[in-house]
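# Secondary and tertiary structure notes
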Amino acid sequence: MKFAMMGSGGVGGYFGGRLAAAGHDVAFIARGPHLDAIKSGGLHIESGLGDIRIHPATASADPASVGAVDYVVFAVKLWDTETAGAAMSPLMGPETTVVSLQNGVECDDMLARFIGRERLIGGIAQIAASIARPGVIHHLGTMQGIKIGEYGGASSARLSALADALDGAGVDTEISGDVERTIWEKFVFLVGLSATTTLMRTTIGPIREDAKKRAFLYDAIAEAVAVGRARGVKLAADAAEERLAFADGLPFDMTSSMHHDLDRGNRLELDWLSGAVVRFGSELSIPTPRN
């Protein structure tokens, strides 16, 4: 099966590496020193589940050099969605399917403008991984899951084939019957995690163990839940409490990709996370002071 990882950082690099190690034809779309390192020395994954080296690795900055693939895993930063979406057409064959593993809840609507909604299946990634240095992905902990689903909840051959490929690569894979809700369940948690770890410059451990910081985390999540439910997403009444309990089970030193970006002086995804909650809240007359 042929894959293109549109974005080969923590998420795209890790899962693409797992797929390549399982024997799939994987092309890594990357840029800068990370691309140069992958082309010269391969892609390395450091993980408690076992290190991986993909060498040689197919890597390029130009999707046209890759050509049509079976699946595109779209994993660029949220601010790059439109630019990367517009550049994706050379990867599209008659049956190409695209799954976005980005952090926000507006990505698929944006991508649909470039490739058509019929190509899209919904998905989320559950992993703490980042570029440790060019050509090297560091995976923190052992959580490494993907949930995917057809919008509307139908089953399909393309969905089953992707799930089988991921499962065969050792990825914890689940098919969701309500992928919109699944995406929002991740989003509401990620809003809280990214807001608190970045604002407070620390990992999740000290936040959940301090009463005031924990309350801030809960409130940020609860605001996101409120706007999601007002938009018609079928989030449970206790979704905020459940997501806080989920935070309690994470590694003490886990943080968010936005916190990593702040430390490295990179652009932040703030406008598409807490910023989206604020925009939705304003449209729906729902207060969102924490966000």
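Structure: above.
Not measured: the values here are computed from a predicted model. (Residues numbered from 1 in each chain as written. Predicted model: local features only at pLDDT ≥ 70, side-chain atom pairs only at ≥ 80, totals over all residues. Heavy atoms only, no water.)

### Let's talk about helix 4 (residues 107-115)
- Turning to helix 4, its buried residues number three or more, namely Cys-107, Asp-108, Met-110, Leu-111, Ala-112 and Ile-115.
- Considering only its buried residues, helix 4 is in contact with strand 6 (69-74), helix 3 (81-86), strand 7 (92-100) and strand 8 (120-133).
- One or two steps after helix 4, the chain reaches Gly-116, where phi turns positive at roughly 90 degrees. (Buried < 20%, exposed > 50% of the residue type's maximum accessible area, 1.4 Å probe, protein only. Helix = DSSP H or I, 4+ residues; strand = E, 2+ residues; numbered from the N terminus. Contact = heavy atoms within 4.5 Å.)

### What to know about helix 11 (residues 274-284)
- Regarding helix 11, the residues found buried are Ser-274, Gly-275, Ala-276, Val-277, Phe-280 and Gly-281.
- Elements in contact with the buried residues of helix 11: helix 6 (179-200) and helix 8 (211-230).
- Just beyond helix 11, the residue with positive phi is Ser-285, at close to 60 degrees.

### Comments concerning the layout of surface pockets
- One number sums up the size of the second largest pocket: a volume of about 300 Å³.
- Lining the second largest pocket are 20 residues, and of these Val-105, Glu-106, Asp-108, Tyr-151 and Ile-183 lie nearest its centre.
- When residues of the lining of the second largest pocket are traced back to their parent elements, those giving at least two are helix 4, strand 8 and helix 6.
- Here the element with the most residues in the lining of the second largest pocket is helix 6; it accounts for 5 residues.
- In the lining of the second largest pocket, the residues fall into 8 nonpolar, 5 polar and 7 charged. (1 Å grid on protein atoms, 1.4 Å probe; cavity = no way out; pocket = protein on both sides within 12 Å on 5 of 7 lines; lining within 4 Å. Points joined across faces, edges and corners; volume = space filled by probe spheres on them. Nonpolar A, V, L, I, M, F, W, Y, C, P; charged D, E, K, R; others polar.)

### Topic: the nonpolar core
- In terms of nonpolar packing, the biggest core is built from 36 residues, with Trp-184, Phe-187 and Val-188 touching the most fellow members.
- If you list the elements that add at least two residues to this core, you get strand 8, helix 6, helix 7 (204-209), helix 8, helix 9 (239-248) and helix 11.
- Here this core takes 9 residues from helix 6, the largest share from any one element.
- Setting aside its immediate chain neighbours within four residues, Phe-187 contacts Asn-103, Gly-104, Val-105, Trp-272, Leu-273, Ala-276 and Val-277.
- Counting residues in each nonpolar core, the second largest holds 35 residues, with Leu-19, Val-26, Ile-146 and Ala-163 among its members. (Core = buried A, V, L, I, M, F, W, Y, C linked by side-chain atoms within 4.5 Å.)

### Some points on the packing of helix 6 against helix 8
- Put simply, helix 6 and helix 8 touch, their axes get as near as 9 Å, and they point 145 degrees apart. As helix 6 runs across helix 8, the sense of the crossing is right-handed. Together, Trp-184, Val-188, Phe-189, Val-191, Gly-192, Leu-193, Thr-196, Leu-199 and Met-200 of helix 6 and Lys-213, Phe-216, Leu-217, Ala-220, Ile-221, Ala-224, Val-225, Val-227 and Gly-228 of helix 8 make up the contact between the two elements.
- Broken down by class, the residue content of the contact of helix 6 with helix 8 amounts to 14 nonpolar, 3 polar and 1 charged. (Axes fitted to C-alpha atoms, helices over the stretch in contact; angles between N-to-C directions. Left-handed = near helix turned anticlockwise from the far one by under 90°.)

### Concerning the pattern of salt bridges
- Scanning the model with the defined rule gives 12 salt bridges in all.
- Taking the shortest distance from any N to any O, the salt bridge between Lys-77 and Asp-261 comes out at 2.9 Å. Placement of Lys-77 in the loop between strand 6 and helix 3 and of Asp-261 in helix 10 (residues 257-263) is noted, with a sequence separation of 184 residues between them.
- For Asp-261, a relative accessible area of 6% translates into the label buried. (Salt bridge = Lys/Arg side-chain N within 4 Å of Asp/Glu carboxyl O.)

### Observations concerning the packing of aromatic side chains
- Tallied over the entire structure, the rule returns 5 aromatic pairs.
- Aromatic pair Trp-184 and Phe-187: ring centres 5.1 Å apart, planes at 75 degrees, arrangement edge-to-face. Of the two residues, Trp-184 and Phe-187 both sit in helix 6, 3 residues apart, roughly one turn of that helix.
- Overall, the relative accessible area of 4% leaves Trp-184 in the buried class.
- A ring pair is formed by Phe-189 and Phe-246, whose centres lie 5.2 Å apart and whose planes are at 90 degrees; its orientation type is edge-to-face. Of this pair, Phe-189 sits in helix 6 while Phe-246 sits in helix 9; the two residues are 57 residues apart in sequence, bridging distant segments of the chain.
- Given a relative accessible area of 6%, Phe-189 falls into the buried group.
- Taking the relative accessible area as the measure of exposure, Phe-246 reaches 23% and is therefore partly exposed.
- Among the aromatic residues, those joined into a ring-pair cluster are Trp-184, Phe-187 and Phe-280. (Phe/Tyr/Trp six-rings, centres within 6.5 Å; stacked < 30°, edge-to-face > 60°.)

Distances and angles like these do not, on their own, reveal function.
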